[in-house]
Amino acid sequence: MTGSDPSAAEQADEGQVPQSVRWIGGESGHLEILDQTLLPGRREHVVCRDVATVIEAIRMLRVRGAPAIGIAGAYGLVVAAGEAMRSGLSPEAARSHVLAQAEEIATARPTAVNLRWAVERSLAVLATLPVESLPPLIAGVLLAEARGIHEEDRRLCAAIGRHGAAVLPDGGVLTHCNTGALATGGDGTALAVITTAWEQGRRFEIFADETRPLLQGARLTAWELCERGIPVTVLVDSAAAHMMKSGRVSSVIVGADRITAAGDVANKIGTYGLAVLADAHRIPFLVAAPSSTFDLSISSGDDIPIEERAADEVKRPLGVQAAPEAAAAANPAFDVTPARLVRGIVTEHGVIAPVTQETIAEMLSRQP
């Protein structure tokens, strides 16, 4: 069931960047997702009391950002357990229901690794319970794990912000898509680096790409920065080269949806082009992501599945007819930047530089 709670949600979030994902109540409670498709104009939450609503919210980008959809996926399993409780299923049937719904959730978006990671982590905890465990116990255990994943991400974001601020060069910085509080369980990844540096008293120009076709940079990143009282300039995506050549952009920092064992980075479409431009202008190109975004099972970015989204997102962005109906449209949601173009990867453990399979393995072996 979907719904919105604009009055309570808006009052609770007034004057600050609201949580993108939150759980209301105990094991019989529900998930609320801030509908990011309505920002910056309206703040409304989708009320998720069934798994179908959770999956729809993930697929339709009502919740987006690799860490945030991972958190939503973990809470989605609690929603599945709640369905089992309300249906009066036996312990065995309840477990089977959660497992079936888990696969549906995990495959809702294929590129970001955090979604499956969070689902599989929650299922590993479920596997420790006796088969005869009652649905309320299953829900309680899954809720504790989801809350743990959520809290961990808050801490990881803070650590990423600190490590990244220490290496962020002076001068104008450009970021792409949205990597802030809306995309994570905390203050963000790449955007947390920028806001942490700002909070430390450093002052520099901040540029946010529009990020076509859904304008996550213009609608979400710029909105977050404005909510924090931090000046930001929105750029059309095609202005990046000019801004680098003019010297106003001195570095680029982006997030990631999946990083291979060798350091190839899948991120929002347009990221690879920025990396090529940064390399051509000899400015640092940095990536910020938690260790959960690394997929050590693959070495090459060529093996990362790239989500192809609906043509209407290109032909009718935000409902505005921008191309003839008869025209075709390609809409890959992500691209892959090879490791050789990445100056460093900021994680909760520190900064990986140079970016190689060996330095990644060494950094990820550290304790946070």
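Coordinates for the structure precede this section.
Residues numbered from 1 in each chain as written. Predicted model: local features only at pLDDT ≥ 70, side-chain atom pairs only at ≥ 80, totals over all residues. Heavy atoms only, no water.

A. Fine view of empty space enclosed by the protein. Scanning the entire structure with this criterion turns up two cavities of 30 Å³ or more. In this structure, the largest cavity encloses a volume near 180 Å³. Every residue lining the largest cavity is counted, 20 residues in all, and those nearest its centre are R64, G65, A66, N178 and D257. For the lining of the largest cavity, the secondary structure elements donating two or more residues are α3 (66-87) and β9 (265-268). Grouping the amino acids of the lining of the largest cavity by side-chain chemistry returns nine nonpolar, seven polar and four charged. The volume enclosed by the second largest cavity comes to roughly 60 Å³. Lining the second largest cavity we find L61, R212, P213, L214, Q216, K268, I269, R309, E313, N331 and A333. Each residue belonging to the lining of the second largest cavity can be placed in one class, and the counts come to five nonpolar, two polar and four charged. (1 Å grid on protein atoms, 1.4 Å probe; cavity = no way out; pocket = protein on both sides within 12 Å on 5 of 7 lines; lining within 4 Å. Points joined across faces, edges and corners; volume = space filled by probe spheres on them. Helix = DSSP H or I, 4+ residues; strand = E, 2+ residues; numbered from the N terminus. Nonpolar A, V, L, I, M, F, W, Y, C, P; charged D, E, K, R; others polar.)

B. The arrangement of the packing of aromatic side chains in detail. Counted by the stated rule, this structure contains two aromatic pairs. When the ring of W23 is compared with that of Y75, the centres are 5.7 Å apart and the planes differ by 15°; the resulting orientation is stacked. With a gap of 52 residues between them, W23 in strand β1 (residues 21-24) and Y75 in helix α3 connect regions that are remote in the sequence. On the accessibility criterion, Y75 (3% relative accessible area) is buried. Taking the centre distance of 5.7 Å and the plane angle of 90° together, the rings of W198 and F204 count as edge-to-face. The class for F204 is buried, based on a relative accessible area of 11%. Across the ring face of W198, the terminal group of R203 is positioned such that the distance to the ring centre comes to 4.1 Å. (Phe/Tyr/Trp six-rings, centres within 6.5 Å; stacked < 30°, edge-to-face > 60°. Buried < 20%, exposed > 50% of the residue type's maximum accessible area, 1.4 Å probe, protein only. Lys NZ or Arg CZ within 6 Å of the ring centre and 35° of its normal.)

C. Structural view of the side chain of N178. As for its placement among the helices and strands, N178 is situated in the loop between β4 (173-175) and α7 (190-199). By relative accessible area, which is 3% here, N178 ends up buried. In terms of polar contacts, N178 uses its side chain to reach the side chain of E224, at 3.2 Å. Setting aside residues up to four positions removed in sequence, N178 forms contacts with R64, A183, Q216, L220, T221 and E224. (Polar contact = N/O pair within 3.5 Å; in protein donor to acceptor, adjacent residues only side chain to side chain. Contact = heavy atoms within 4.5 Å.)

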